[in-house]
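Structural description and commentary
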Amino acid sequence: MTYKTIKYEVAENILTITLNRPDKLNAFTGEMMFELIDAFDKADADDNVGAVIVTGEGRAFCAGADLSAGAKTFDYEKREDRPDKAGDPRRDDGSIDYSHEAVRDGGGRVSLRIFECLKPVIAAVNGPAVGVGVTMQLPMDIRLASEDAKFGFVFNRRGINPEACSSWFLPRLVGISQALEWTYTGRVFPAQEALEGGLVKKVYKADELLPAARALAREIIDNTAPVSNALTRQMMWRMLGADHPMEAHKVDSRAIYSRGASADAKEGVMSFLEKRPAEYPCTVSKDMPDFFPWWDERKYS
């Protein structure tokens, strides 16, 4: 895929995905949706990628959905530029088949793809991030923000509702009360409030943001095993929905049993004892444990 709305750049094992519509404040479109999904597909398949940073070109991270269609912006049936070719979700009797692919939310498709990613994902929020511009960040693992960043879950002010799976992610990240206050009011708030509310890990001066994100990515890549990171990412995120710690124990036990006999585990121990940097031989593309994935894929219905 040739990208028109994002930039995809790999350097020193760090993939930087840059939302790239600066003249539109990187507003989200159907084309951007497909390109982001493709970019994360490529990242998972490339063993040269050890971590992913997502940021925005210019002065914004993402201003939310592109509103250039005016009143038709969120009315899928009236939009002529819908990117999917899934057809008409209306049944012969005029009722809507809500399990139809054409009903699916584009932001949710992106969030689900990021959720399934096998590489650590860092958001470097360089400017305003509202609507889908903030909800797409929620399945990213760590969010760092510039002092210039602003956030807004503005959906209720536009007569719609939160999307991109944010009703699952946001309360788990910041707690139900904070999640509801931000979504009820729909107000735009500064980076400091995002920090105090637990949405971002740290706030930086503008010129320090990307170096900080790269330093964090570098620490992960230089010191840890890629297969272990892939497992850890999925274990942590998916256990947020588990109904009992026994579910974690099942997965932990399988992972430790499998990884304990791997070349990575031997290298991890010996490099520590020999006081040298580890060189982990296992790759995500070839060496994920045989019990992975341990979940049944969820279908849209």
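Being a predicted model, the structure only gives us computed values, none of them experimental. (Residues numbered from 1 in each chain as written. Predicted model: local features only at pLDDT ≥ 70, side-chain atom pairs only at ≥ 80, totals over all residues. Heavy atoms only, no water.)

Okay, the pairing of strand β2 (residues 14-19) next. Counting buried positions along β2 yields six of six residues, so the element is predominantly enclosed. In this sheet, β2 lies alongside strand β1 (residues 6-11) in antiparallel orientation, the contact comprising six bridges. Within β2, the position partnered with Glu9 by the bridge is Thr16. Hairpin connection of β1 to β2: two residues between the antiparallel strands, including Glu12 at a positive phi of 55°. One ladder, built from six bridges, connects β2 with strand β3 (residues 51-56); its direction is parallel. Across the sheet, the residue bridging to Ile14 is Ala51, located in β3. Since β2 and β3 lie parallel, the crossover through helix α1 (residues 30-45) that links them has a hand, and here it is right-handed. (Buried < 20%, exposed > 50% of the residue type's maximum accessible area, 1.4 Å probe, protein only. Helix = DSSP H or I, 4+ residues; strand = E, 2+ residues; numbered from the N terminus. Pairing = 2+ DSSP bridges. Right-handed = clockwise from strand over helix to strand, strands pointing away.)

Before going further, it helps to examine the sheet that holds β3. As summarised here, the arrangement of the six strands in space is β1-β2-β3-β4-β6-β9, forming an open sheet in which the pairing is mixed. One side of each edge strand has no neighbouring strand; the edge strands of this open sheet are β1 and β9 (202-204). Sheet twist, expressed as the mean angle between neighbouring strand axes with direction ignored, is 20°. Bridge analysis of strand β4 (residues 121-125) against strand β6 (residues 142-146) gives four bridges, and the strand direction is parallel. By the bridge assignment, Ile122 is partnered in β6 with Ile142. Those strands touched by α1 are β1, β2, β3 and β4, and its axis lies near 15° from that of β1. (Axes fitted to C-alpha atoms, helices over the stretch in contact; angles between N-to-C directions. Contact = heavy atoms within 4.5 Å.)

With that settled, consider the packing of α1 against helix α2 (residues 106-115). Contact pair α1 / α2: the axes reach a minimum separation of 9 Å and the direction vectors enclose 10°. When the axis of α1 is compared with that of α2, the two are roughly parallel. For the pair α1 and α2, contact is made by Met33, Leu36, Ile37, Phe40, Asp41 and Asp44 and by Gly106, Arg109, Val110, Arg113 and Ile114, respectively. In terms of residue class, the contact of α1 with α2 is made up of six nonpolar, one polar and four charged. (Parallel < 35°, antiparallel > 145°, perpendicular 65-115°, else oblique. Nonpolar A, V, L, I, M, F, W, Y, C, P; charged D, E, K, R; others polar.)

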